[in-house]
Amino acid sequence: PPPLPPPSAMLTSRGPALCTALRRAAPGGLAAFHSSARRCRGARVAVVLSGCGVYDGTEIHEASAVLVHLSRGGAEVQMYAPDVPQMHVIDHTKGQPAEAESRNVLVESARIARGKISSLAKLTTADHDAVIFPGGFGAAKNLSTFAVDGKDCKVNREVERVLKDFHKAGKPIGLCCISPVLAAKVLSGAEVTVGHEEEEGGKWPYAGTAGAIKELGAKHCVKEVTISFPAHVDTKNKVVTTPAFMCETALHHIFDGIGAMVKNVLKLTGK
């Protein structure tokens, strides 16, 4: 199929008045209109995505919560994703794999990033003060093989490099939902949380993950998802984790818990 026209052309096709209004609102052009407002420079935070959609990529509500709290904290954000094929594509209306369909993790992640995203291979500690990994099954399928191999999983080479580089540099790492398994696998002796260790009547449907984390050699710390005790801070390794959608609870609790994780990550940057 022919390539889509650029955003400016699509806007023009909807009427010159709309295009003119947008240009006036954004003197720097449409790219400036797309960008967040400039502010005094705070912590520079990299956010690593794993696709777009809870069952085969990044959990979108978690990514949005991370970005909102980073914005509120005055952080300067750049998003990244590995340029690799997804493990598979899930039809989210059915919760089943879509046969004969394939997608690229970087391309799908660009949906959440509104196009402003780079290959994970370009992420360096020199350019950032911290890194955050939202959850979603993409962390266990595209950033690692945890969904298939459990404690014997392999972590994407670039993801492993980033985690080790930030850890070595003493720069904080934030992870939520299922993504703490990445730190458990890569960072020996790390302390993380994915919430509770028992299902508790369906409230913690993925509680078995805590056992796998222990098998990986990490310490699991039981935490709530609510605002009272929503995040665990491993001060030695500068790893901050929160359960998020590992718990079946109200969305605002998820949002608040992620906010606590982000707040602690920013605090550890010292900026």
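The sections below set out a description of the structure shown in this document. Everything numeric here is computed off the predicted structure, so don't read it as measured data.

Right, let's talk about the pattern of salt bridges for a bit. Under the definition given, this model contains 10 salt bridges. Here glutamate 158 and arginine 161 are joined by a salt bridge, their closest N and O atoms 2.7 Å apart. Placement of both glutamate 158 and arginine 161 in helix α8 (residues 157–168) is noted, with a separation of three residues, approximately one turn of the helix. Put simply, glutamate 160 and lysine 164 hold a salt bridge, and the shortest N to O gap is 2.9 Å. One end of the pair, glutamate 160, and the other, lysine 164, are both in helix α8, four residues apart, so they sit about a helical turn from each other. A relative accessible area of 28% places glutamate 160 in the partly exposed class. Assessed through its relative accessible area of 39%, lysine 164 is described here as partly exposed.

Moving on, we get to the sheet that holds strand β10 (residues 232–234). On the basis of which strands lie adjacent, the open sheet formed by seven strands has the order β5-β2-β1-β6-β7-β11-β10 and mixed pairing. Each edge of the sheet is formed by a strand with only one pairing partner; in this case those strands are β5 (117–119) and β10. Averaged over all adjacent pairs, the angle separating strand axes in this sheet is 25 degrees, with direction ignored. Note: β10 against strand β11 (residues 239–242), three bridges, orientation antiparallel. Residue pairing in the sheet places histidine 232 in a bridge with threonine 241 of β11. Of the strands in this sheet, β1 (44–48), β2 (76–81), β6 (130–133) and β7 (173–176) touch helix α4 (residues 60–72), which is tilted by about 175 degrees from β1. Helix α5 (residues 105–112) contacts β2 and β5 of the sheet and is inclined by roughly 160 degrees relative to β5.

Conventions adopted
Residues numbered from 1 in each chain as written. Predicted model: local features only at pLDDT ≥ 70, side-chain atom pairs only at ≥ 80, totals over all residues. Heavy atoms only, no water. Salt bridge = Lys/Arg side-chain N within 4 Å of Asp/Glu carboxyl O. Helix = DSSP H or I, 4+ residues; strand = E, 2+ residues; numbered from the N terminus. Buried < 20%, exposed > 50% of the residue type's maximum accessible area, 1.4 Å probe, protein only. Pairing = 2+ DSSP bridges. Axes fitted to C-alpha atoms, helices over the stretch in contact; angles between N-to-C directions. Contact = heavy atoms within 4.5 Å.

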